[in-house]
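# Structural characterization, general
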Amino acid sequence: MSNRKIRVLLAKPGLDGHDRGARVIARCFRDAGFEVIYTGCHQTPEMIAAVALQEDVDVVGLSCLSGAHNYLFPQVAKLLQDKGANDITVIGGGIIPEKDMAGLYEAGIKEIFTPGATLDSLVEWINNNVNPKE
Amino acid sequence: MKELSKKVLEGDIRAASRLIRNLEDQIPNTYIAMQEIFGKTGNAHVVGITGAPGAGKSTLTDELICAYRKKGDTVGVLAVDPTSPFSGGALLGDRIRMLRHAEDTGVFIRSLATRGAMGGISKAVGEAIHVMDVLKKSKIIVETVGVGQQEVDIINHAHTVAVVLVPGMGDEIQALKAGLMEIADIFIINKADRDGAGKLYKETLNMVNMSKDNKNGAQGWRIPVLLVESVLEPIKFAESVEALRDKIDEHYQYLIDNDLLSERMRRKTTAELNEALWGTILQPILKDLHADGEINRLVDKLLTKASDPYSLAAEVASKYMK
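Residues numbered from 1 in each chain as written. Chains lettered and ligands numbered in written order. Predicted model: local features only at pLDDT ≥ 70, side-chain atom pairs only at ≥ 80, totals over all residues. Heavy atoms only, no water.

### Focus on the nonpolar core
Residue and element names in this part refer to chain B. Within the largest apolar cluster, 77 residues are counted, with the highest numbers of intra-cluster contacts made by Val-8 and Phe-187. A per-element tally of this core places helix H8 (residues 234–257) first, with seven residues. Two domains each put at least three residues into this core: domain 1 (1–39) and domain 2 (41–258). In this structure Phe-187 touches Val-163, Leu-165, Met-181, Thr-204, Met-207, Val-208, Ile-223, Pro-224, Val-225 and Leu-226, once residues within four positions along its chain are discounted. (Core = buried A, V, L, I, M, F, W, Y, C linked by side-chain atoms within 4.5 Å. Buried < 20%, exposed > 50% of the residue type's maximum accessible area, 1.4 Å probe, protein only. Helix = DSSP H or I, 4+ residues; strand = E, 2+ residues; numbered from the N terminus. Domains from an automatic or database assignment. Contact = heavy atoms within 4.5 Å.)

Written out as structure tokens, the structure reads:
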């Protein structure tokens, strides 16, 4: 019997201040029964990694609309790996060109969601791909 | 589980957070880890920050962390936000006000959802305080959910309770009511630059002056009413929060000097024992009743008025308690 609840950290790394999308997703995850830690805009990868460990999350969701994803997303994934937290699933979303995706996957980002992705598809992906820790 | 408590005692943050999570999720055998930890607790000063939604609890907590770090304290924060009664999910947004401490290793912030608890905190808070305690945090701040009038469970866990009030929430009759207004060791009038703050200050002061022995038998502690003004004037704001820090510490010293700490510890420990008894005795019985559908048969008996809750409870008790 598992009472495990999925815990998700939603954060916006870098200088991008457009967080409407992230807030919509936070609300959607709440309604899906997840516990969402929302930390908003303007964060360094170091801050995001530190918070992920303090909150013992299963998923880190990164949102970036400014074009800096190629540096910021892999950096978060790397910091988590360095701290031995390879089990935390890192996903990303935003304005991400097709050509950048392969690199991001290689850097350890497990899934990328771009404009047009439905809220249901996000929830479904998490439910199918994330097992809360035993 | 022993492995987990060992890591926690070594100061591993993620292990500590996982242990808190096991407590929240009520993972079986988590108590084994807690057994290892319990004996080493009781060193931290636990501070409760409570008040209405949007009163400024998280922002005050953020500044209070700075004030304590300045003094050389290490700080643990348990920030509680509500669980949805519909989806079971939660939006934990307190730490958005505390981002500047993310990388400070002297500060450990953990968000918790209420998970259905109605007293302003979550069921796991008491145990989470123990976890923060063995991580050697000298100050543990518990920020409750935004409360109304009677979510006062924080008094079972905190040595010092600060109640945050803001102008514009009601007339002076509100200040006379039982519940939240009775549990303060310190009142904070936040957003004191706003209209109505002076009136609220006077009403609160009046109410404090009327209390016979300044509450809970803590004779001689005069409940201070502190004004904190706009966060938009950072220097002034920081100064008022430093004054708050000093009052909080003064209250703790007062409890120690007057041998009142033991009284609070007894209340806290009694509550913990109650919880443990409930978990150990009642929960397995309930689980049993649910597992074989007996609970439905009992409810049916009540719906048809074939029996009453009191007789059925006695019946169940006689079966299990030998």
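### Concerning the domain arrangement of chain B
Residue and element names in this part refer to chain B. Segmentation of chain B into domains returns domain 1 (1–39), domain 2 (41–258) and domain 3 (271–320). Domain 1 and domain 2 are separated by 26 Å when their C-alpha centres are compared. Every contact between the two is made by 17 residues of domain 1 and, on the other side, 14 residues of domain 2. Where domain 1 abuts domain 2, roughly 1,400 Å² becomes buried across the two surfaces, and 64% of that area is made up of carbon and sulfur atoms. Joining domain 1 to domain 2, the criterion identifies two salt bridges. Linking domain 1 with domain 2 are five residue pairs in polar contact (both at pLDDT 80 or more), by the criterion used here. (Buried area = accessible area lost by both parts, 1.4 Å probe. Salt bridge = Lys/Arg side-chain N within 4 Å of Asp/Glu carboxyl O. Polar contact = N/O pair within 3.5 Å; in protein donor to acceptor, adjacent residues only side chain to side chain.)

### Some words on the pattern of salt bridges
According to the stated counting rule, one finds 36 salt bridges over all chains in the structure shown. Across the salt bridge formed by Glu-35 of chain A and Arg-7 of chain A, the nearest N and O atoms sit 2.9 Å from each other. Taken together, the positions of Glu-35 of chain A in strand E2 (residues 35–38) and Arg-7 of chain A in strand E1 (residues 7–11) put the pair 28 residues apart, joining distant regions of the chain. Comparing Glu-35 of chain A with Arg-7 of chain A, the two get one shared label, buried. With its nearest N and O atoms 3.7 Å apart, the salt bridge here joins Lys-2 of chain B to Glu-36 of chain B. One end of the pair, Lys-2 of chain B, is in helix H1 (residues 2–9); the other, Glu-36 of chain B, is in helix H3 (residues 30–38), with 34 residues separating them in the sequence.

### A word on the sheet that holds strand E8 (residues 225–227) of chain B
Residues and elements named next belong to chain B. On the basis of which strands lie adjacent, the open sheet formed by seven strands has the order E4-E2-E5-E1-E6-E7-E8 and parallel pairing. Either end of the sheet is taken by a strand with one partner, and the two such strands are strand E4 (107–113) and E8. Mean inter-strand twist for the sheet, computed between neighbouring axes without regard to direction, equals 20 degrees. Here strand E1 (residues 45–51) pairs with strand E5 (residues 139–146) via six bridges, running parallel. Residue pairing for E5: Ile-49 is matched across the bridge by Glu-143. Each of E1, strand E2 (75–81), E4, E5, strand E6 (160–165) and strand E7 (186–189) is contacted by helix H4 (residues 57–70), which is oriented at about 175 degrees to E5, the strand it contacts most. (Pairing = 2+ DSSP bridges. Axes fitted to C-alpha atoms, helices over the stretch in contact; angles between N-to-C directions.)

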